[in-house]
Amino acid sequence: MKMLFKQRFFSWFDSYDIYDETGATLFTVEGKLAWGHKLQILNASGDPIGMVKEQVFRFLPHFDFYEGETLLGTLTKEFTLFRPSFRLDFNGWQVQGSFMEWDYQVTEPCGALVATVTKELFHWTDTYVIDVVNPADALRALMLVLAIHSLFLKGAAEGMTFYLKQDFSKID
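Figured I'd write up the structure that's included with this text. (Residues numbered from 1 in each chain as written. Predicted model: local features only at pLDDT ≥ 70, side-chain atom pairs only at ≥ 80, totals over all residues. Heavy atoms only, no water.)

Even without being glycine, asparagine 91 reaches a positive phi, approximately 60 degrees. If you trace the backbone, asparagine 91 turns up in the loop between strand 8 (85–89) and strand 9 (94–97). The class of asparagine 91 is partly exposed, set by a relative accessible area of 35%. (Helix = DSSP H or I, 4+ residues; strand = E, 2+ residues; numbered from the N terminus. Buried < 20%, exposed > 50% of the residue type's maximum accessible area, 1.4 Å probe, protein only.)

Right, let's talk about the packing of aromatic side chains for a bit. In total, this model carries 2 aromatic pairs according to the counting rule given. Taking 4.6 Å as the distance between ring centres and 40 degrees as the angle between the ring planes, the aromatic pair formed by phenylalanine 65 and phenylalanine 90 counts as tilted. Of this pair, phenylalanine 65 sits in strand 6 (residues 62–67) while phenylalanine 90 sits in the loop between strand 8 and strand 9, and the two are 25 residues apart along the sequence. Phenylalanine 90 matches phenylalanine 65 in its accessibility class, with the two residues each being buried. Note on phenylalanine 90 and tryptophan 93: the rings are 5.3 Å apart at their centroids and 80 degrees apart in plane angle, and the pair reads as edge-to-face. Of the residues examined, tryptophan 93 reaches a relative accessible area of 5% and is grouped as buried. The rings of Phe65, Phe90 and Trp93 are connected pair by pair, giving a single aromatic cluster. (Phe/Tyr/Trp six-rings, centres within 6.5 Å; stacked < 30°, edge-to-face > 60°.)

Set out below in structure tokens:
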């Protein structure tokens, strides 16, 4: 199952639309005002079904994944010098990515492929293709992509000050 993850062009907070191969909306992601990233995932009917929430006051970025009110797992960026690395406590999955985190794979502990994520270049907004082997893993794979994408957003290291400080030179 392929999903197209597109950031909305005009949005104060992180907002994304996720489409299937036919162009039908599968999920909508709405950023919420919070300390750190808080991304609510809605199904095609507009009902909340999941959330990715960054824990603040940590040395390295740390994201929690929720399906409804249930905590499913976490993603923590590990300290490395040359290549981004993540510790994933989520379904037993592992993630391996390229230097710029534009392309990466999610695998099970046995090495079986869960999803492949590639960033499409030359678009007005960030656009990813998420190719999920099992459609039942689509929501959870999306949560992982949202967390990793949030780490590499322009201004992500500044937290809420990026949004609250009136510095219009940071807007592309």
